[in-house]
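Chain by chain, the residues run as shown.
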Amino acid sequence: MPREQLGVCAEGNLHSVYLMFNANDAVEAQLRPCLANVAQYIYELTDQYADSAFNGFVAIGANYWDALYSEQRPKHLRPFPAMHEGNRDAPAIEYDLFVHIRCDRYDILHLVANEINQMFEGLVELIEEERGFRFMDSRDLTGFVDGTENPKGRNRQQVALVADDDISFKGGSYVHVQKYAHNLSKWNRLPNKKQEDIIGRTKQDDIEYASEDKPLTSHIKRVNLKDAQGNSMEILRQSMPFGSLKEQGLMFISTCRTPTNFEEMLRSMVHGDGHGNHDHLMQFTKALTGSSFFAPSLDFLAKFAND
């Protein structure tokens, strides 16, 4: 089994840093070994900072992949599926590279982010930087527990990592990132029961509504989907709240063995079920970005480092 980048399936942390880069022109020959070095460095720091649960991964943008690795492409890698209906937007803003690092110590994250930025010096431009944090007992800023439906234990790898169906990219993962800005003043004016109906769970105890009590417009109803064979279309969420008093919300991050599951969830949220039932949570939060990446295995990155 190729060595996965450990941050893809890692358990939650207290802090995170998200770095979005665009590559300079004609740097691919230097960037391939640099990416392998950054990914290996993150991998080694997992042991060095094990007491603070450091982890992370690097991923390559769907639109930049062919420039870096023209000989091979993940079977299902495609640009972010921009969507719009009514007042619901899911825009696409693509980047060439995404570096995701997390840790239970903010100072270590800050140190490593600086080191990674210096390793890329002269090859890329830092376009976006965001920092996330655990809020209360792993809640979104709306007050509801986030990631309750996440797969547990070894099932995290089964959901998030490509398997034998695309053998060259086994151990890699399709990554989708959206930055959501919440309208918390509007949200917090809602009665508690109305908030719970929009989510489909109780707020305090995080108990999912019974199926017959779940509104068709609830967030859980819109994202808990099944495929044609009746199998759950799962993703592994690596999301965390972000922000300041000026702007705050959720950095939504999906890792999965296929992009289809995320795409169908987003379609269900924005466009609904064909009967007018879209996700009412989107009346209180706005997607500012949408990006598609692939996080290859460490072995894949090393293999192409000196080509």
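These figures come from a predicted structure and were not determined experimentally.

**Topic: the pattern of salt bridges**
Here is step 1: Counted under the stated rule, the structure contains 17 salt bridges.
Here is step 2: Asp 299 is the salt-bridge partner of Arg 3, the closest N and O atoms lying 3.0 Å from each other. Highlighted residues: Arg 3 in the segment before strand E1 (15–23) and Asp 299 in helix H9 (residues 298–303), separated in sequence by 296 residues.
Here is step 3: Under the relative-accessibility criterion, Asp 299 is labelled partly exposed at 32%.

**Quick notes on helix H6 (residues 192–199)**
Here is step 1: Taken together, the buried positions of H6 are occupied by Gln 195, Glu 196, Ile 198 and Ile 199. Looking straight down H6, one finds that the buried residues subtend no more than 160 degrees of arc, so they occupy a single side.
Here is step 2: Each element contacted by the buried residues of H6 is listed here: helix H5 (184–188) and helix H7 (219–223).
Here is step 3: At the C-terminal side of H6, Gly 200 shows a positive phi close to 95 degrees.

**Section: empty space enclosed by the protein**
One way to see where empty space is left: roll a probe the size of a water molecule over the atoms.
Here is step 1: Summed over all chains, the structure comprises four cavities of 30 Å³ or more.
Here is step 2: The space that makes up the largest cavity amounts to roughly 510 Å³.
Here is step 3: Lining the largest cavity are 29 residues; nearest its centre among them are Asp 146, His 219, Arg 237, Leu 250 and Leu 281.
Here is step 4: For the lining of the largest cavity, the secondary-structure elements that each account for two or more residues are strand E7 (173–182), H7, strand E10 (248–256) and helix H8 (260–270).
Here is step 5: The element that contributes the greatest number of residues to the lining of the largest cavity is H8, accounting for four residues.
Here is step 6: For the lining of the largest cavity, the class distribution of residues is 15 nonpolar, eight polar and six charged.
Here is step 7: If you add up the space inside the second largest cavity, you get close to 110 Å³.
Here is step 8: Listed by contribution, the elements that provide at least two residues to the lining of the second largest cavity are E1 and strand E6 (124–133).
Here is step 9: Here the lining of the second largest cavity takes three residues from E6, the largest share from any one element.

**Considering the state of the cysteines**
Here is step 1: Summed over the entire model, instances satisfying the criterion amount to zero disulfides.
Here is step 2: Looking at Cys 9, it has no disulfide partner, and the nearest cysteine sulfur is the one in Cys 256, 10 Å off.
Here is step 3: For Cys 9, a relative accessible area of 6% gives the class buried.

**Details of the layout of surface pockets**
Here is step 1: Of the pockets and cavities examined, the largest pocket occupies roughly 410 Å³.
Here is step 2: If you trace the largest pocket, you find 22 residues lining it, with Gly 12, Ser 138, Asp 146, Asn 150 and Ser 239 closest to the centre.
Here is step 3: A per-class count over the lining of the largest pocket returns five nonpolar, eight polar and nine charged.
Here is step 4: Here the second largest pocket defines a volume of roughly 210 Å³.
Here is step 5: If you trace the second largest pocket, you find it lined by Glu 149, Pro 151, Val 223, Asn 224, Leu 225, Lys 226, Ser 232, Met 233, Glu 234, Ile 235, Arg 237 and Met 265.
Here is step 6: Considered class by class, the residues forming the lining of the second largest pocket number six nonpolar, two polar and four charged.

Calculation criteria
Throughout this document, residue positions are counted from 1 along each chain, in the order its sequence is written. Local features are withheld for residues below a pLDDT of 70 in this predicted model, meaning they are given only at 70 or higher, and side-chain atom pairs are given and counted only at 80 or more; totals for whole chains, interfaces and linings count all residues. By convention in this description, side-chain values take in all heavy atoms of the structure and omit both hydrogens and water. Salt bridges are identified by distance alone: a Lys or Arg side-chain nitrogen within 4 Å of an Asp or Glu carboxyl oxygen. A helix here means a DSSP run of H or I that spans at least four residues, while a strand means a run of E at least two residues long, and both kinds are numbered starting from the N terminus. Partly exposed describes any residue whose relative accessible area lies between the buried limit of under 20% and the exposed limit of over 50%, with all areas from a 1.4 Å probe on protein chains only and scaled to the type maximum. The arc in question is traced by the directions running from the helix axis to the C-beta atoms. Residue contacts are defined here by distance: any two heavy atoms, one from each residue, within 4.5 Å place the two residues in contact. With a 1 Å grid laid over protein atoms only, a set of points is called a cavity when a 1.4 Å probe fits there but cannot get out and a pocket when it is open yet has protein on both sides within 12 Å along at least five of seven lines; lining residues have an atom within 4 Å of a point. Grid points are joined across faces, edges and corners, and a volume is the space filled by probe spheres set on the points. Just so you know the grouping, Ala, Val, Leu, Ile, Met, Phe, Trp, Tyr, Cys and Pro go in nonpolar, Asp, Glu, Lys and Arg go in charged, and all remaining residues, Gly too, go in polar. Disulfide assignment relies on a single distance test, namely cysteine sulfur atoms paired within 2.5 Å.

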